[in-house]
Amino acid sequence: MTATAARLVEAAQQLSASVGALRFGAPVTHVYNPLEYAWQIHRSYLQRYGATRKRVVFLGMNPGPFGMAQTGVPFGEVSAVRDWLGLAGEVGQPAHSNPKRPVQGFACPRSEVSGQRACGACFRARFGSPTVFFADHFVANYCPLVFFDQGRNLTPDKLPAAESRPLLAACDTHLRAVVAALAPDWVVGVGTWAERRAVEALDGMPLRFGRILHPSPASPAANRGWAEAASRQLVELGIWAD
């Protein structure tokens, strides 16, 4: 393991411990921490694809229920993680499973649309090999936790302030550690909220910030050609060549 990857692994372990100690009330009924039950896969991701400094770090909000919640990899749509990234292995179970959103690991039959669009329609389509993409890029999530209100997915921005403050503090600390390890030129938020968190958490660090459209199917704009829109935004920022 390289020194850079070791720093990422240590930071992820610290983040997992910090957020694992937090408690959340209604309307949250279940909380998943993939850094615990899918740690083997996440660690492999950091070791293989976070081994060197990067020019660009893409920052998502938090895991999707059919992506990182199943595979332990940010935007980790099952087939992309298995067939493109070449990662696989046993995935355990959360401490308190949600029967409406079971963790099935790589046997999960549902596809995470956001991950499918990001890893497949955009990154894989443009760069082909993950080795080529990850030579200059890295993909992380700001918050590692998945929140559910029964069968409904809740995002961290919907938490009450008293619960979000310690969560944001832990995630800010982790993000600073990731950026210190990878030494990127750019941090690009996938969506407005992620960009805002990055700007606040990384204030004072010598970085450039940007934003691309979030690939969620809940976004009408993303449903009208997300890969093309995100690529255009990255070209306009000067991160990618036309």
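Definitions and limits used
- Going along each chain's sequence as written, the residues are numbered from 1 onward.
- Reporting in this predicted model follows two pLDDT cut-offs: at least 70 for local features of residues, and 80 or more for side-chain atom pairs to be given and counted; totals over whole chains, interfaces and linings ignore these cut-offs and use all residues.
- Hydrogens and waters are ignored; side-chain quantities use all the structure's heavy atoms.
- Each salt bridge in this description consists of a side-chain nitrogen of Lys or Arg and a carboxyl oxygen of Asp or Glu lying within 4 Å of one another.
- With a 1.4 Å probe rolled over the protein chains alone, any residue whose accessible area is under 20% of its type maximum counts as buried; one over 50% counts as exposed, and the rest are partly exposed.
- Pairs of strands are assigned from DSSP output, requiring at least two bridges between the strands.
- Secondary structure follows DSSP: runs of H or I at least 4 residues long count as helices, runs of E at least 2 residues long count as strands, and numbering of each begins at the N terminus.
- A fitted line through C-alpha atoms represents every axis, and for helices the fit uses only the stretch in contact; the resulting angles, taken between N-to-C directions, go from 0 to 180 degrees.
- By definition in these notes, contact holds between two residues if any of their heavy atoms fall within 4.5 Å.

## Some remarks on the pattern of salt bridges
It is possible for side chains of opposite charge to pair when their charged atoms get near one another.
So, point 1. Tallied over the entire structure, the rule returns seven salt bridges.
So, point 2. Its salt-bridge partner being D83, residue R82 comes within 3.0 Å of it at the nearest N-O pair.
So, point 3. Residue classification places D83 among the partly exposed residues on the basis of a relative accessible area of 47%.
So, point 4. Where K158 meets D157, a salt bridge forms, and the shortest distance between an N and an O atom there is 3.0 Å.
So, point 5. K158 sits in the exposed class, given a relative accessible area of 58%.
So, point 6. Accessibility expressed as a relative area gives 33% for D157, which makes it partly exposed.
So, point 7. Beyond isolated ion pairs, a larger network of salt bridges with shared partners links D172, R197 and E200.

## Here's the deal with the sheet that holds strand β7 (residues 208-212)
So, point 1. Here we have four strands laid out as an open sheet, ordered β3-β2-β6-β7, and parallel in their pairing. Each of the sheet's edge strands pairs with one partner strand only, and the pair in question is β3 (137-141) and β7. Each strand of the sheet is rotated relative to its neighbour by a mean of 25°, with strand direction disregarded.
So, point 2. Bridge count for strand β2 (residues 56-60) against β3 is five bridges, and the pairing is parallel. Residue pairing across strands places L59 opposite A140, the latter belonging to β3.
So, point 3. Sheet strands touched by helix α10 (residues 226-237): β2, β6 (186-190) and β7. Its angle to β7, the strand with the most contacts, is close to 160°.

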